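# Tertiary structure, described
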Amino acid sequence: MEVFSDYQCPACKTLFTTTNRRLMDDYVTSGKVYLIHRDFPLPMHAHSRVAARYARAAAQLGKVEPVEQALFQNQEKWEQSGDVDGTVAAILSPAEMAKVRALVKGGTLDAAIDKDYAQGQTYRVNQTPTTVFHSRGQTYPYPGVMTYEILKQFLDQLLSHK
Amino acid sequence: MMQSSTLNARRIIIWIGRLVLAGIFVYAGYAKLTMGMHPRPSIGVALSFFALQVDSYQILPTWGVNFVAHTLPFAEIVLGLLLLLGVGLRIWATLITLIMLGFFAAVVRSYALGLQINCGCFATPEPLTIKTVFRDGALVALALVMTIFAFLEARNPHPWSAPEKA
């Protein structure tokens, strides 16, 4: 599963907090499903690319999960203030934060974000979140939020045909 | 003259309605079952994917989503074929009109709420936009006119038809 997501998008927050966390527990941790986060920062969101940079930098330190969680949970705050740095700093140690800031300032993260964005365009992604399911050589793009119970049925169907 | 003519505007509109709506219903049901893919995914995969789209309207509980997702594609095909055959036209025209009204209400509600979802009309990605609202509105209007005309025609049967028994 590839999830094309924007940290500033409210629907992405809903998908992350209501569905994908349960998905992680029930399917991803057990290795049944591979879940890939793809950055798709929409131009209309002023701070989403900055947030994506911080999340990518944190990923290089193995801290993507707590940072992603902090960004989504505090979305309304940093969306207003633009203080992505402060949101991430609140959950990382000063040493980790120094590394994250260095990576963000290094300017190398945009290439990976742009690559994800381009990947999304090949699937004709035009809104976030969009989830692209891959199974047996088929792709199933699905834009929008999914409830866990209905998603579970779909995944079980896909997995039963492996 | 209107009553005795074999072909009049009312009958033409009924025929257009039957052909258009039957074609759309059969295609919509077929598309939901095949997802337009080659090779075709299993029915279970197609129906559970369609359930995601039904669920995105945020109208029905889980059991309702599953009921609609697992019956609607088949119902669309059957109703489309029955409408095309024309036997019991008023019954199938009425049912199709009621279903179309249901679709239209769901589409208008989702558009008014600003839900960024797929229409799910043909089970291929198609964002729900104002275009979808107008298209569904036009189809509802066609279905309504066809149904009303079908009832009116039943009062004045086609000269080639056998008179209906009381």
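Presented here is an overview of the structure given in this document. (Residues numbered from 1 in each chain as written. Chains lettered and ligands numbered in written order. Predicted model: local features only at pLDDT ≥ 70, side-chain atom pairs only at ≥ 80, totals over all residues. Heavy atoms only, no water.)

## Quick notes on the pattern of salt bridges
Residue and element names in this part refer to chain A. With the rule as written, the count across this model stands at 17 salt bridges over all chains. With its nearest N and O atoms 2.7 Å apart, the salt bridge here joins Arg-38 to Glu-2. Note that Arg-38 is positioned in strand S2 (residues 36-39) and Glu-2 in strand S1 (residues 2-5), a separation of 36 residues in sequence. Linked by salt bridges that have partners in common, Glu-2, Arg-38, Asp-39, Arg-56 and Asp-116 make up one network. (Salt bridge = Lys/Arg side-chain N within 4 Å of Asp/Glu carboxyl O. Helix = DSSP H or I, 4+ residues; strand = E, 2+ residues; numbered from the N terminus.)

## Remarks on the state of the cysteines
Residues and elements named next belong to chain B. Within the structure shown, the criterion is met by one disulfide over all chains. Disulfide pairing is shown between Cys-119 and Cys-121; the S-S distance is 1.5 Å. The exposure class of Cys-119 is buried, given its relative accessible area of 4%. For Cys-121, a relative accessible area of 17% translates into the label buried. (Disulfide = S-S within 2.5 Å. Buried < 20%, exposed > 50% of the residue type's maximum accessible area, 1.4 Å probe, protein only.)

## Remarks on the packing of aromatic side chains
Under the counting rule described, the total for this entry stands at eleven aromatic pairs over all chains. Summarising the aromatic geometry, the rings of Phe-4 of chain A and Tyr-123 of chain A are spaced 6.0 Å apart at their centres and angled 65° between planes, so their arrangement reads as edge-to-face. Taken together, the residues Phe-4 of chain A in strand S1 and Tyr-123 of chain A in the loop between helix H7 (109-122) and strand S3 (130-135) connect sequence positions 119 residues apart. You can call Phe-4 of chain A buried: its relative accessible area is 0%. Judged by its relative accessible area of 23%, Tyr-123 of chain A is partly exposed. Measuring from ring centre to ring centre gives 5.3 Å for Phe-154 of chain A and Phe-49 of chain B, while their planes differ by 55°; the resulting arrangement is tilted. Taken as a pair, Phe-154 of chain A in helix H8 (residues 148-160) and Phe-49 of chain B in helix H2 (residues 43-55) lie in two separate chains rather than in one. The buried category is assigned to Phe-154 of chain A, whose relative accessible area is 0%. By way of ring pairs, the aromatic residues Phe-133, Tyr-140, Tyr-142 and Phe-154 of chain A together with Phe-49 of chain B are connected into one cluster. Positioned above the aromatic ring of Trp-15 of chain B is the side chain of Arg-18 of chain B, whose terminal nitrogen or guanidinium carbon lies 4.3 Å from the ring centre. (Phe/Tyr/Trp six-rings, centres within 6.5 Å; stacked < 30°, edge-to-face > 60°. Lys NZ or Arg CZ within 6 Å of the ring centre and 35° of its normal.)

## Section: the pairing of S2 of chain A
Residue and element names in this part refer to chain A. Taken together, the four bridges between S1 and S2 define a ladder with parallel strand orientation. If you follow Ser-5 over to S2, its bridge partner there is Asp-39. Read as a crossover between parallel neighbours, the route from S1 over helix H1 (residues 10-28) to S2 is right-handed. (Pairing = 2+ DSSP bridges. Right-handed = clockwise from strand over helix to strand, strands pointing away.)

## Topic: the environment of Phe-72 of chain A
Residue placement: Phe-72 of chain A occurs in helix H3 (residues 64-73). Ignoring any residue separated from it by four or fewer positions in sequence, one finds Phe-72 of chain A in contact with Ser-5, Asp-6, Tyr-7, Cys-12, Lys-13 and Phe-16 of chain A. (Contact = heavy atoms within 4.5 Å.)

## Some points on the interface of chain B and chain A
One frequent convention defines the size of an interface as the accessible area lost when the parts assemble. The partner chain A presents 20 residues to the 22 residues of chain B that form the contact. Considering only the surface of chain B that becomes buried against chain A, Val-45, Phe-49 and Leu-52 of chain B emerge as the three largest contributors, covering 30% of it. Taken together, chain B and chain A are joined by zero salt bridges. Those elements that provide at least two residues to the side of chain B that touches chain A are H2 and helix H3 (62-85) of chain B. Take the side of chain B that touches chain A: its biggest share by element is eight residues, from H2 of chain B. Among the residues forming the side of chain B that touches chain A, the class breakdown is eleven nonpolar, ten polar and one charged. (Buried area = accessible area lost by both parts, 1.4 Å probe. Nonpolar A, V, L, I, M, F, W, Y, C, P; charged D, E, K, R; others polar.)

## Topic: helix H4 (residues 89-113) of chain B
All names here are of chain B. The end-to-end C-alpha separation of H4 is 36 Å, in line with the 36 Å expected for 25 residues at 1.5 Å each. Buried residues belonging to H4 abut helix H1 (9-34), H3 and helix H5 (130-155). Of the residues trailing H4, Gly-114 is marked for its positive phi of about 75°. (Expected span 1.5 Å × (residues − 1).)

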